[in-house]
Amino acid sequence: MTDQFQQAARAILRANDRGGYTVPNGRVYPFQWNWDSAFVALGFDTFDRDRAWTEVETLFRVQWSDGFVPHIVFWQDEEGYFPGPSVWSTGTEPPTSGITQPPVAATVVRRLWDSAAAAGAAEDFRPRLEALFDKLIAWHRWFAVNRDHEERGVVVAMHPWETGRDNSPEWDVPGEPIDISGVGDYVRRDTGHLDAKMRPTKLEYDRYLALVQYGRAQGWDHRKIAAGNPFRVADIGMSMILLRANRDLLALAGMLGRDGSEIAGWIARAEAGISWLWDEATSTWCSRDVLTGRFSGFVTSASFLSFYAGIADPAKDAAMLNHIERIAGKVRYLMPSLDPEDPGFQMIRYWRGPVWAVVNWMIGTGLSEAGHDNWGGKVRADTLDLIRTTGFYEAFSPIDGSGSGGDDFSWTAAIGLAWSKD
Ligand code: GLC
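Residues numbered from 1 in each chain as written. Predicted model: local features only at pLDDT ≥ 70, side-chain atom pairs only at ≥ 80, totals over all residues. Heavy atoms only, no water.

A.B. asks: Explanation requested: the overall build of the chain in the structure shown.
C.D. replies: Across its full length, the chain holds 17 helices and nine strands. For a compact globule of 422 residues, the expected C-alpha radius of gyration is about 22 Å, and the chain comes in at 20 Å, within 12% of that figure. Reported as C-alpha extents along the three principal axes, the dimensions of the chain are approximately 60 × 50 × 45 Å. Looking at the chain as a whole, 62% of its 422 residues are labelled buried. Element-wise, carbon and sulfur atoms account for 49% of the exposed surface of the chain, whose accessible area totals about 15100 Å². (Helix = DSSP H or I, 4+ residues; strand = E, 2+ residues; numbered from the N terminus. Rg over C-alpha atoms; globule rule 2.2 N^0.38 Å. Buried < 20%, exposed > 50% of the residue type's maximum accessible area, 1.4 Å probe, protein only. Areas by Shrake-Rupley, 256 points an atom, 1.4 Å probe, with all protein chains shown as cover.)

A.B. asks: Help me out: how do you make sense of empty space enclosed by the protein in this one?
C.D. replies: Here the idea is plain: a probe the size of a water molecule rolls over the atoms and shows the empty space left. For the structure on display, the rule yields five cavities of 30 Å³ or more. Of the voids in this model, the largest cavity is the one considered here, and its volume is about 340 Å³. Lining the largest cavity we find 28 residues, and of these Tyr-29, Trp-33, Tyr-81, Asp-166 and Tyr-350 sit closest to its centre. Those elements that provide at least two residues to the lining of the largest cavity are α2 (34-44) and α10 (202-217). Here the lining of the largest cavity is built from residues that sort into 19 nonpolar, three polar and six charged. Size it by volume and the second largest cavity reaches roughly 120 Å³. Lining the second largest cavity we find 13 residues, and of these Asp-148, Gly-153, Val-154, Leu-242 and Trp-266 sit closest to its centre. Mapped onto the lining of the second largest cavity, the elements with two or more residues apiece are α6 (122-146), α12 (236-256) and α13 (261-273). Take the lining of the second largest cavity: its biggest share by element is four residues, from α12. Considering only residue class, the lining of the second largest cavity consists of eight nonpolar, three polar and two charged. (1 Å grid on protein atoms, 1.4 Å probe; cavity = no way out; pocket = protein on both sides within 12 Å on 5 of 7 lines; lining within 4 Å. Points joined across faces, edges and corners; volume = space filled by probe spheres on them. Nonpolar A, V, L, I, M, F, W, Y, C, P; charged D, E, K, R; others polar.)

A.B. asks: Explanation requested: unusual backbone geometry in the structure shown.
C.D. replies: Most peptide bonds take the trans configuration, and most residues that are not glycine carry a negative phi. In this structure, Pro-83 follows Phe-82 across a cis peptide bond, with omega equal to -5°. Residue Met-335 follows Leu-334 across a cis peptide bond; omega there is -5°. For Met-335, the position within the fold is in the loop between α14 (314-328) and α15 (357-369). Even without glycine at this site, Ser-283 takes up a positive phi of about 50°. Tracing the sequence through the fold places Ser-283 in the loop between β5 (278-279) and β6 (284-285). Take Ser-283: its relative accessible area is 28%, and that puts it in the partly exposed class. In this structure, Tyr-350 takes a positive phi of about 50° despite not being glycine. Secondary-structure assignment places Tyr-350 in the loop between α14 and α15.

A.B. asks: Looking at this structure, I do not really get the site of the ligand. What am I missing?
C.D. replies: Residues in contact with the ligand, as listed here, are Pro-24, Tyr-29, Trp-33, Trp-35, Asp-36, Gln-101, Gly-164, Asp-166, Tyr-350, Trp-351, Phe-409 and Trp-411. Between the ligand and Asp-36, the relevant distance is 2.6 Å, taken from an oxygen atom to a side-chain nitrogen or oxygen of the residue. Taking a 2 Å distance to the grid points as the criterion, the majority of the atoms of the ligand fall inside the largest cavity. Of the residues that constitute the shell around the ligand, the class distribution is eight nonpolar, two polar and two charged. (Near = heavy atom within 4 Å. Polar contact = N/O pair within 3.5 Å; in protein donor to acceptor, adjacent residues only side chain to side chain. Sits in = over half its atoms within 2 Å of the grid points.)

A.B. asks: How should the packing of α15 against helix α16 (residues 373-390) be read in this particular structure?
C.D. replies: Working note: a packed helix pair is described by the angle between its axes plus the distance between those axes. Put simply, α15 and α16 touch, their axes get as near as 7 Å, and they point 155° apart. In terms of axis orientation, α15 runs roughly antiparallel to α16. Seen from above, α15 lies across α16 with left-handed handedness. Between α15 and α16, the residues in contact are Ala-357, Asn-360, Ile-363, Gly-364, Leu-367 and Ser-368 and Asp-373, Trp-375, Gly-376, Gly-377, Val-379, Thr-383 and Ile-387, respectively. (Axes fitted to C-alpha atoms, helices over the stretch in contact; angles between N-to-C directions. Parallel < 35°, antiparallel > 145°, perpendicular 65-115°, else oblique. Left-handed = near helix turned anticlockwise from the far one by under 90°. Contact = heavy atoms within 4.5 Å.)

A.B. asks: What's the story with the pattern of salt bridges in this structure? I'm lost.
C.D. replies: For side chains bearing opposite charge, pairing can occur when the charged atoms are close. In total, this model carries 34 salt bridges according to the counting rule given. Of the charged contacts in the structure, one is a salt bridge between Arg-258 and Glu-130, with a shortest N-O distance of 2.8 Å. Here Arg-258 is found in the loop between α12 and α13, whereas its partner Glu-130 is found in helix α6, with 128 residues between them in sequence. Two residues, Glu-150 and Arg-152, come together in a salt bridge whose shortest N-O distance is 3.2 Å. The exposure class assigned to Glu-150 is partly exposed, which follows from its relative accessible area of 45%. (Salt bridge = Lys/Arg side-chain N within 4 Å of Asp/Glu carboxyl O.)

A.B. asks: Explain α15 here, please?
C.D. replies: Helical geometry note: an α-helix holds 3.6 residues per turn, so side chains three or four residues apart project in the same direction. Here α15 is 13 residues long and its end C-alpha atoms lie 18 Å apart, about the 18 Å a rise of 1.5 Å per residue gives. Of all 13 residues in α15, 11 are buried, a share of seventy percent or more. If you check which residues of α15 are buried, you get Ala-357, Val-358, Val-359, Asn-360, Trp-361, Met-362, Ile-363, Gly-364, Thr-365, Gly-366 and Leu-367. Elements in contact with the buried residues of α15: α2, α5 (105-118), α12, α14, α16 and α17 (410-421). The positive-phi residue at the C-terminal boundary of α15 is Gly-371, with phi of around 90°. (Expected span 1.5 Å × (residues − 1).)

Laid out in C-alpha cells, this is it:
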C-alpha cells in the first residue's frame, strides 16, 4: 500500500524529472549527476520500472569512448551555474564535467534486474541489461586503468568532487599543496541559495577550481592526469564501492553467460590490496594520500562501507563495530559523515557531520548482509525516521535531526522509497 510518505517521495522524483534524467534538486543542482541518478533509479523502481532503467541509460548515453562516465551532464543550459560547461571545457556534446563519481551503478542495475526478474519481467528487460552490461564493464575498466594505474587495488580520486563527499576533512591535508594562485575571481552558485555555514569554505572551493583548471590544461587526458595531478588520494569510499560494484557486475556476467574473468581479476586485486587503506593507529578504514603515503586517520561514514564491499575480516570488522557502538552513544541518528568525537565535527556542515541517506543505504545494506542486522536495522530505521520527521533534505544533523542543505532532494526521496518498500 502506498502511504502519504511514499506519495510525497514520488512527487519529488516526478517534479525533479527532466525527461529521462532527474535533477538532484531543481535550484542548486539543475543537471544530471552520476551517482545521484543511480540512487534515483532505486526509487523509481518502486513505482515505475521502465523509468528506473531509463535514468541509468540516460547517464550512460554520454559515456566517452574510453569508458569514462562524467560526474555531471549538462543536458541543458542554466545561466549562472558555476562551474558550468565553459569552465570544464571538455568539448563534448552535451557538455559534461571531466571527472567521475562513485561507481554505484552496477550495484543498482543488479537490483533493478533482480526486481524485474522477481516480477516476471526478466525477458522484457534482458536486452536493456545486455546493453548496460557492456557500458558498465567499460566504465569499470576505465577505473582500473585511470584511477588505479599503480595497480594497488584501490580507487585514486583526482578531485574531492569525484569522491561524492566534497568537503570531507580527509581532503584537507592532501589539498594543501594545490596551487590556488591562478584561480581568479568567481561567483559561487551554492551559497546564493543555501546558508554558507552548511557549505564548503572559500579555500576548499579555490582548490576545487584549481584542480578543474589542471584537468582542463591536460585536455582531460585521464592518463596524464593520473600521472601528474597535484591531488591523488586513495578514497576509502570509492574503493569500497567499486569492489562491491565489481562483485555485482560479476554476478550479472554469470547470469548473462558472459566471460567474467576480467572482473574477477579486478576483485582479486582489490581484495589483495585494500588493506593498504587500513590505519592501524586509529583502527579504521580510511582514505590515504598516494603522494605521501599519509593516512587521513579520520573515521568517516565511508569507513563503514567495508561491510557493503563484502570484506570479511573478523578483527577489522570487530574494530568497525566498536566504532559504530561508540558513535551511536554520541549521536541520536546514525551515521554521521564524520566521527562526532573528532574536533572538526560540525553537525550541519555538509560532509563534516551530517547524515546522508544514500551513504546510510549502503552502510545499512552492507551491515545487514554481513549478519549485523541489529546495526543495519538501526541505520535504516534512523534514516526513515529522519526523512519522515524532517523532510526530504539533502542531509541531516545526526544530533537533532534538523535538515542541512537543500530540500526536495531526489536521492533522499529515492532512499525513502527503496527502504519503506521492503
Ligand atoms: C554534492 C554532493 C555530491 C552530489 C551532488 C549532487 O556535490 O557532495 O555527492 O552528487 O551534490 O547531489
